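Residue-level structural notes
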Amino acid sequence: SRIDREALCGSHPNCTLEFDVVTLPAEHLQLFRVQVEVLDVNDHSPRFARSVVPVDISESAAVGTRLPLDAASDPDVGDNALHAYSLERNGFFRIDVRTRTDGARYADLVVVRELDRETQSSFQLLLSAADSGSPPRSGSTLLKINVLDSNDNSPVFEQQAYAVSLLENSPPGTLLVDLNATDPDEGTNGKIIYSFSSHVSLKILETFKIDPENGQITLIKKVDYETTSSYELDIQAQDMGPNSIPGHCKIIVKVVDVNDNKPKININLMTQGKEEVAYISEAATVDTFIALVRVDDSDSGLNGEVTCKLHGHGHFRLQKTYENNYMILTNVSLDREKRSEYSLTVIAEDRGSPSLSTIKHFTVQVQDENDNPPRFEKSRYEIFKSENNSPGAYLTSVSATDPDLGTNGQVTYSILESTVQGSSISTYVTIDPSNGAVYALRSFDREEVGRLAFTVQAQDGGGVASLSANATVILTVLDENDNAPIIVAPALSNHTADVPLWRQAELGHLVTVIKTTDRDAGANGEVTCSIVGGNEEGLFLMEPRRCELRTNGSVDSLVRESFDLALLVQDRGASTRLSTRAVLRVLLRDHPESHFIIPSDSGSQATLDLSMIIIISLGAICGVLLLVMVLFATRCSRDQKDPRHSYNCRVAESTYQNHPKKPARQIHKGDITLVPTVNGTLPVRAHPRSPSGSPAPDSRHSHHSRQSLNSLVTISSNHVPENFALELAHATPPVESILFFSHPLTHP
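Keep in mind that this is a model prediction, so the values were computed, not measured. (Residues numbered from 1 in each chain as written. Predicted model: local features only at pLDDT ≥ 70, side-chain atom pairs only at ≥ 80, totals over all residues. Heavy atoms only, no water.)

Details of the overall build of the protein chain
Helix and strand counts for the protein chain stand at five helices and 49 strands. When the 748 residues of the protein chain are sorted by exposure, 36% land in the buried category. With the model as given, the accessible surface of the protein chain reaches about 42800 Å², and the carbon-plus-sulfur share is 52%. (Helix = DSSP H or I, 4+ residues; strand = E, 2+ residues; numbered from the N terminus. Buried < 20%, exposed > 50% of the residue type's maximum accessible area, 1.4 Å probe, protein only. Areas by Shrake-Rupley, 256 points an atom, 1.4 Å probe, with all protein chains shown as cover.)

See below:
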């Protein structure tokens, strides 16, 4: 809209508009103070309050007598303000332009020549007022001067000017000054009436009152230093006589400032939404801008000096920018889950005595960010469910909470993909995504799957930046007695097994052991065996737990060839017991048969499992190895006692060292020759030192010749004659080939 400097600032010479500019976003926050100076243009002409001003003057008025005239007003300032007055040219009057303390100009009418009512009783003169603007403007009024018959003496004040101090908090009725004017005339010519001059402003008439009888000036309306700091009152005293000439005086009222204005606080929250509520994200960094604060105090001096403080919490701080402007910034990182709202108080206090203060509250609400993952009540859930459940059966419920708000805190559940025996976990269990209830999708069979372990994921609704957490669910399938015992030995054919029994078997002879298996666990898998038929003579006895069938009497004298025993194998289930029936046909034999029976252990009738077989095998292998080592040790000890087979390695080494050494050489494949033996005897090559090619065997030699010769190794060396042969014979299993080394060996 159009700016009117006079409406904004009145007669103040300087007129400015001030406001703050903040740059956003908050991370690039800058605060600017803008001052717009409104310059005056000469858009007002000087104007008199009355178009015609009546002036009464006595004909006896002396030269130099002054009469105050109505002042013209011009709301413009500076050169555009009222600058000069001019009076229409005449020979009796002139004007004298004077200036008030507030800078306003007014004119006094001055008599420059003696008046004679009888010669000229009235004058009509044009009074003009002009400013010095460009272009200049002016206004005028008509002075109607009436020359009155003289009253010789005029009232006279004690002083021509008075200065009065008035506290701005003075109540109405306060006496400012008690004026006193004197008139030496008698009677009505000496009776004085006090009044304001005709040209005083309406504002003065509304603020002050003068008693016409005694001249006391009192306050009728409270004054405000911040609005008007001084007043200039023009007072006149006039006697009651004819053609009286009033006396004039001026009263300067100076308003004294008192601390009567509280500081004003203006908070600009810079966020859209409710008034007095600021919003900030919990992810905001330290020193994030919250609000702009400006404080003002209309008082002057110390009364107008304001200090500003922020009370509430250490999470925020107040930072001064310039003059009375402040910014509220975050002091620490915020966490909505710990505290979602802060109530802050701004206190502005002046330095007056007593000081005045203003308090203003506003709220900071912390907006949620998805900074918290869901949290399960526990990281591991263990549940137990009996097998043979119905599909869709409820298993358990998992629960996760997320302290975030809205969708950031809405948790959905899912089961992470995994496999169980080659099948997807989704074919076994499912979960309600809204409440975490877990249900079975199939009927469980403990004998197939006894334990399920799967992972449940809880995920919030944070969108792209959603967070999740996992928990492990362990489902243990409890056993039910749903498997009947199975007889695995002796082998059944059409539920019948044949078992031989020697007629000469003694009392208590073990006929057979019933081997059974039951896939159930615990008592449901423990079985008992009993004879339920065919044993009327009581010739057989069944041990229930071991399931061992033994003789309970002699069967030698019986002419029967067989017995058909009806067997019942039953588990020990608590609620229901399952059983298997079979017929055991015991065949009597006149001769004992090789029928090896392994008695069952007392604890179980099940066949040996794989681990037991492995343990037995390893034990057997270790036993065989130990036996072989003992045999080798025994043979070596016996050979060492035979002087022909004794061999001293140190002697051989010493003998070897006495020969001249030649460069060592590695044995190659071509250095080895296989020599066949004849009847276990190897023809020994003739030794050069021996008189014959083969020594005559003695009895000991003959004893060894009957054994298979173990080995004969001929080593050719440059240190011994080429036909030198070293015979090593050991009483070990025969060999069919002899190794000859025809080249020198590398010495170790």
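Section: the sheet that holds strand 29 (residues 394-397)
Sheet architecture is open: three strands sit in the order 29-35-34, paired in antiparallel fashion. Of all the strands in the sheet, the pair left with one neighbour each is strand 29 and strand 34 (429-431). Each strand of the sheet is rotated relative to its neighbour by a mean of 25°, with strand direction disregarded. (Pairing = 2+ DSSP bridges. Axes fitted to C-alpha atoms, helices over the stretch in contact; angles between N-to-C directions.)

Some points on the packing of aromatic side chains
Enumeration over the complete set of coordinates arrives at 10 aromatic pairs. Here the aromatic rings of Phe92 and Phe123 are separated by 5.1 Å at their centres, their planes lie at 50°, and the arrangement is tilted. With Phe92 in the loop between strand 5 (82-87) and strand 6 (93-99) and Phe123 in strand 8 (residues 122-131), this pair connects stretches of sequence that are 31 residues apart. Owing to a relative accessible area of 18%, Phe92 belongs among the buried residues under this scheme. Taking the relative accessible area as the measure of exposure, Phe123 reaches 7% and is therefore buried. With a centroid separation of 5.3 Å and an interplanar angle of 80°, the aromatic rings of Phe316 and Tyr342 are classed as edge-to-face. With Phe316 in strand 23 (residues 316-322) and Tyr342 in strand 25 (residues 341-350), this pair connects stretches of sequence that are 26 residues apart. A relative accessible area of 5% places Phe316 in the buried class. (Phe/Tyr/Trp six-rings, centres within 6.5 Å; stacked < 30°, edge-to-face > 60°.)

Things to note about the state of the cysteines
Counting across every chain of the model gives two disulfides. One disulfide in the model links Cys9 with Cys15; its S-S distance is 1.9 Å. Because the torsion about its S-S bond is 65°, the bridge between Cys9 and Cys15 counts as right-handed. Of the residues examined, Cys15 reaches a relative accessible area of 1% and is grouped as buried. Disulfide partner of Cys529: Cys547, at an S-S distance of 1.9 Å. Around the S-S axis, the bridge from Cys529 to Cys547 shows a dihedral of about 80° and counts as right-handed. Placement of Cys529 in strand 42 (residues 527-533) and of Cys547 in the loop between strand 43 (540-543) and strand 44 (548-551) is noted, with a sequence separation of 18 residues between them. (Disulfide = S-S within 2.5 Å.)

Concerning the sheet that holds strand 4 (residues 66-68)
Sheets are built from strands that pair by backbone hydrogen bonding, the pairs being arranged parallel or antiparallel. In space, the three strands of this open sheet follow the order 4-7-6, with antiparallel pairing throughout. The sheet is open, and its two edges are formed by strand 4 and strand 6, each paired on a single side. Between one strand axis and the next, the sheet turns through 35° on average, direction left out of account. As judged from the seven bridges shared by strand 6 and strand 7 (residues 105-111), these two strands associate in the antiparallel manner. The residue of strand 7 that forms the bridge with Thr99 is Arg105.

Observations concerning the environment of Leu568
When you line up the elements, Leu568 lands in strand 45 (residues 562-571). Spatially, the C-alpha atom of Leu568 lies 8.9 Å from that of Val583, the residues being 15 residues apart in sequence. Those residues in contact with Leu568, other than ones at most four positions away along the chain, are Thr528, Cys529, Ser530, Val532, Ser579, Thr580 and Arg581. (Contact = heavy atoms within 4.5 Å.)

What to know about the side chain of Thr330
Within the fold, Thr330 resides in strand 24 (residues 325-330). A polar side-chain atom of Thr330 sits 2.9 Å from the main-chain amide nitrogen of Thr288. Excluding anything up to four places from it in sequence, Thr330 contacts Ile280, Thr285, Val286, Asp287, Thr288, Ile290, His315, Phe316 and Arg317. (Polar contact = N/O pair within 3.5 Å; in protein donor to acceptor, adjacent residues only side chain to side chain.)

Here we look at the side chain of Thr580
Tracing the sequence through the fold places Thr580 in strand 46 (residues 579-589). Residue Thr580 is classed as buried on the basis of its relative accessible area of 19%. Reaching out from Thr580, the side chain makes a polar contact with the backbone oxygen of Pro485 at a distance of 2.3 Å. Apart from residues lying up to four places away in sequence, Thr580 is in contact with Ala484, Pro485, Ile486, Leu567, Leu568 and Val569.

Considering the pattern of salt bridges
Throughout the structure, instances matching the rule amount to 26 salt bridges. A salt bridge links Asp108 to Arg98; its shortest N-O distance comes to 3.3 Å. Taken together, the residues span a long stretch of sequence, with Asp108 in strand 7 and Arg98 in strand 6 at a distance of 10 residues. The partly exposed category is assigned to Arg98, whose relative accessible area is 39%. Note that Arg585 and Asp498 form a salt bridge whose closest N and O atoms lie 3.7 Å from each other. With a gap of 87 residues between them, Arg585 in strand 46 and Asp498 in strand 39 (residues 496-502) connect regions that are remote in the sequence. Take Arg585: its relative accessible area is 31%, and that puts it in the partly exposed class. We classify Asp498 as partly exposed; its relative accessible area is 46%. When salt bridges that share partners are traced, they join Glu18, Asp20, Arg33, Arg294 and Asp296 into one network. (Salt bridge = Lys/Arg side-chain N within 4 Å of Asp/Glu carboxyl O.)

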